[in-house]
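Chain residues, written in single-letter form:
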Amino acid sequence: MEDDTIVCRCEEVTVEEIRKAIREGAVDVTGVKRRTRAGMGLCQGRTCEKIVTQVLARELQKPLSAFKQATVQAPVQPITFNLLAKASHD
Amino acid sequence: MTDKADVIVIGGGIIGSAITYYLSQERVKVSLVERGDIASGTSGACDGNILAIDKMPGYDSQLTLKSQKLLDELVESVDYDLEYAQRGSVLVVEDEQQEPVARDWFTRQKEAGLPMRYLAGREVFEDEPLLARDVIGLVECASDASLNPMALVYGLVEASRSIGAMIRPFTEVTRILQDSTGAVCGVNTTRGMMSANQVVLAAGVWTPALAIAVGVIVPIKPRKGHILVAEQSPRPARRKVQEFGYLLTKFGGTEGRRVEAEMDRHGIAMVFEPTEHGNFLIGSSREFVGFDRRCNHHVLELMARRALRFFPTMRDIHIIRSYAGLRPHTPDHLPIVSPVPAVPGLYIAAGHEGDGIGLAPITGKLMSEMIAGEPTSIATEPLKLDRFDS
């Protein structure tokens, strides 16, 4: 993968930024996310999580299976303020 | 691994990294020990406020002003994009019942030296046009700012590393070690022993558990707070907006706010914070429910409802994520930044509740001054651990 390839399209994070985060100590998808914003956008990592994991595996020389998925937090898909505010009334 | 340092700092959150930074600046040999990744606890589940407006007028707000000045220097000297923006912040006054309390707050903060303004009537909507039409006033503090809290932690850690600090993530301290006189001589960790004659405990809500093992009681309790993250969207407001009632949920007392009982039960108060990336964060909740960091969906619902009360135009904006963090609460809402008299060489820097990001620079500075035995930048009596002895 080229350095300037965009991995997270929502937040426009490149391979090089992810490698830098790993050099600074990120060891998993969540650590990369905190340092680069990869996976913090509208899709919440659905698109980029696998690619971030591949970069981690390559840089840290570990098998893909060594990496856990990032923590899943509500909502599982984007929800408007209006719908959430009325959740228990419906 | 055996390693020898002058000072071991326990806790790789905002407080531990600020202390490591200021000590390293003074050429002190520091090891920073963190059981997980850097910024993976409370500092990775918060917002990025540098606020004086919500501090008790007096010592509390003076401490914040000192911290803001240090932060201005950090923004210049730390080679990391901190996403720092100084746009000021406002408190929204909901109704006539709140107005006298809000005006009193404004007056006392102004007298304490903060750059305050009180906006009423049309001025409110000239300042923030999308606020609900029935609110009646705004209290503004022009010096308040925000930044990316995780970037500040990583920036401080990288800056410290570059001037010689040892950074030890994924290393859990299992015990603080004392010599035959009771003085601190190091720590045991999951990766071996480390020695130092000074140890700073900066582990936030996890501080009491480590302190009690050396016979020290630290009155910090985890106070859980939730945050909603909204998608990138046209901004409902241009800067930090909090309901005045936030001060009531923070300092206790619920008079002066007409809300459903369950809002008060979970300590819900609207806090809006725009980020530099075009998203915004919505808070807040405050409750004592132990160490559980999972989101309570009912609390998230109440927070969304409270946000719409102040910003009806948010209704069609999407929420993309939620998270919760454990804020280290002390009984008097001030942090503990203090030596531990009973254990020579042991220091505590914890208990900042929701003010850790804003107060980190002054905390780091004060701790480095205390350890060097120098006069401190501000009086530290109100921050001493023994203030809780009775």
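Residues numbered from 1 in each chain as written. Chains lettered and ligands numbered in written order. Predicted model: local features only at pLDDT ≥ 70, side-chain atom pairs only at ≥ 80, totals over all residues.

A. Just the interface of chain A and chain B, in detail. At the interface, 20 residues of chain A touch 28 residues of chain B. When contributions to the side of chain A that touches chain B are tallied by element, the ones reaching two or more residues are helix 2 (29-36), strand 3 (79-80) and helix 4 (81-85) of chain A. Examining the composition of the side of chain A that touches chain B, we find that four residues originate from one element, helix 4 of chain A, more than from any other. Taken together, the residues that form the side of chain A that touches chain B break down as ten nonpolar, seven polar and three charged. (Contact = placed C-beta atoms within 7 Å. Helix = DSSP H or I, 4+ residues; strand = E, 2+ residues; numbered from the N terminus. Nonpolar A, V, L, I, M, F, W, Y, C, P; charged D, E, K, R; others polar.)

B. Structural context of the environment of B:Val93. All names here are of chain B. Summarising the element assignment, Val93 is placed in strand 5 (residues 89-93). Assessed through the 27 C-beta atoms surrounding it within 10 Å, Val93 is described here as buried. Between the C-alpha atoms of Val93 and Val139, which are 46 residues apart in sequence, the distance is 7.6 Å. Setting aside its immediate chain neighbours within four residues, Val93 contacts Gln98, Glu99, Ala102, Val135, Ile136, Gly137, Leu138, Val139 and Phe244. (Buried ≥ 20, exposed ≤ 12 C-beta atoms within 10 Å, placed from the backbone.)

C. Molecular detail of the domain arrangement of chain B. All names here are of chain B. Entries for chain B in the domain assignment read domain 1 (3-46 + 150-219 + 332-388) and domain 2 (89-142 + 221-329). Summarising the inter-unit geometry, the C-alpha centres of domain 1 and domain 2 are found 31 Å apart. Listed by partner, the interface residues are eleven residues for domain 1 and eleven residues for domain 2. (Domains from an automatic or database assignment.)

D. Seen up close, the environment of B:Val299. Residue and element names in this part refer to chain B. Relative to the assigned elements, Val299 resides in helix 9 (residues 297-310). Between the C-alpha atoms of Val299 and Glu262, which are 37 residues apart in sequence, the distance is 9.1 Å. Sequence-distant contacts of Val299, that is, excluding residues within four places in its chain, are made with His226, His266 and Ser285.

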